[in-house]
Every structure is written in structure tokens, then in C-alpha cells.
Amino acid sequence: MRIWFKNILLLTLLFLLTFSCKKESKNEPSPAPTNNAVPCNATNLMVDSIIEITGQSKIYKLTVINHTITQSNSTVSIIAGTSQVTMTVLGDTTINSLLGKRYRIQRTDDWDIKAYSYLNPSDSLWHLIPYDNNESLIFNVVIKLPIVPSSTYMVVSNSNTYTNVTDSAICISVNFQNYPLFPVTSITPFSFPNLYTRTFNVNKSGLMSWSYTDLTIQTQNPYQTTHEWRFERIN
């Protein structure tokens, strides 16, 4: 029992360390601007609203990655597939008397689904909820506005309670254009046998990238696996 519990703790720590390393990588210098790039300054970034423009289409590269954690606590990652996801803002809508936006989400090899977003003034949480056949999909987004750097708060999404941790503003490059944004890490308190982690990179224009990862502890298997869905905006 002690060995089993120790292995669970090691796996949890390893998983959290993996995402910790991803966050640390943000401190690396941004790519040097090209001739058509605009320098980025994230020092005074403020995100108090998400501005979605009717008719706008955002294109993301979706990469599905399978990670295997071995007995030696090393991680082997294999790309299971890549595709393109287009999210188009269709127009205004009302969600429980709250104003919001409607979307169409299309994936090159699979989805053609609906989504909606809204800001709940009672708790200042902005929600983006894709759904298929009236069932909410796993990559729901919940972010507290205005975004406060170095803040921590709790949210409920898909019946799971997440702890959201907001970091200081950074810059990322999309097609050689630098954008300031806030990274938000969203993680469930460890509840055997599942651990869910989400990351959002967001500014006033919405999501520049986000990912969803699930880890299921298998006590009878020396190898543990995680599955990651990574969305990166490319336009």
C-alpha cells in the first residue's frame, strides 16, 4: 500500500512538474520581430472583456498528443494526429437572460458543432461552451474578468471543480505578429484516479491558444498515460 501510494504521489508530482516547466518556458525571449512584425509590450496589459466580432473566423491548429509516463518517470510523447479547427462568430444570443455570442466550430476531419459564450455579472466569469447533441464538450473555458495577474480562484466546469492560477502577462507570436496575453492554468484537485489540467492563453480578442490534458492513474499498469488536446491559433 505504501509503495502504491508513493507511486501515485510521484506521478502527480511529475505531471504537475511537466506543466510547471511549460510555464517557465514563457520566460524565454520572444522571437525576434520580422520586417512585418510589431514589437510587443505586455507590461500594462489589461483584459476586462472578451471582444468577439460577428462574422470573425479564428483558425487553430489542433494537435492531439499521447504522453506515456514510464516506470523510470520519464515521459514519451507521440503526436496522434493534427487537424485544423475554425471557430466562427455567428452573432448575438441570450443565455439565461444574459447577452452572449453564438459560434460554429468546424474541424477538418470531424466536427461541425455549435458553441456559445457569455459573461455572468454575478461572479464575473466568462464562459465559452462548445456542445454536441446538447452535451457539453471537454474543452469548456471559464475565466474570471477582469484578469488579475498572480491571482487564484475556483471555477466549476463540466461538473469538475478547478483551481485557476493566473500568471503575469507575456507575449507570443502568431504568423510573426507578437501578441500580449495572460496565461491561465486550470487544474482539478487530485481525485483518484483522474487529474485534469487546462491551460488558456487569453487577451481581449479571446483565446490565442489553449489545451486540455487528462491523466488517469492505472494501479495495475506500470506505464501511465495522459492525453493532451492542444489548440494554437494560426491566423
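Quantities reported herein were computed from a predicted structural model and do not represent experimental measurements.

A. Spotlight on the overall build of the chain. Counting secondary structure elements, the chain contains 1 helix and 14 strands. Across the chain, contacts joining residues at least 24 apart in sequence account for 46% of those joining residues at least 6 apart. Counting only carbon and sulfur atoms, one obtains 54% of the accessible surface of the chain, whose full area is about 12700 Å².

B. Representation of the confidence of the model for the chain in the model. Chain-level pLDDT for the chain is 81 on average; 80% of the residues reach the 70-or-more range. Under a pLDDT of 50 for its full length, residues 1-14 has, in the predicted model, 14 contacts with residues more than four places off or in other chains. Long-range and interchain partners of residues 16-35, a stretch whose pLDDT sits below 50, account for 18 contacts in this model, where long-range means more than four residues apart.

C. Summary view of the side chain of Thr 188. Along the polypeptide, Thr 188 turns up in the loop between strand S11 (177-187) and strand S12 (194-203). Only 3.0 Å separates the side chain of Thr 188 from the backbone nitrogen of Tyr 196, close enough to count as a polar contact. Not counting the four nearest positions on each side in its chain, Thr 188 is found in contact with Asn 160, Thr 161, Tyr 162, Leu 195 and Tyr 196.

Rules used in this analysis
- Residues numbered from 1 in each chain as written.
- Predicted model: local features only at pLDDT ≥ 70, side-chain atom pairs only at ≥ 80, totals over all residues.
- Heavy atoms only, no water.
- Helix = DSSP H or I, 4+ residues; strand = E, 2+ residues; numbered from the N terminus.
- Contact = heavy atoms within 4.5 Å.
- Areas by Shrake-Rupley, 256 points an atom, 1.4 Å probe, with all protein chains shown as cover.
- pLDDT = per-residue confidence, 0-100.
- Polar contact = N/O pair within 3.5 Å; in protein donor to acceptor, adjacent residues only side chain to side chain.

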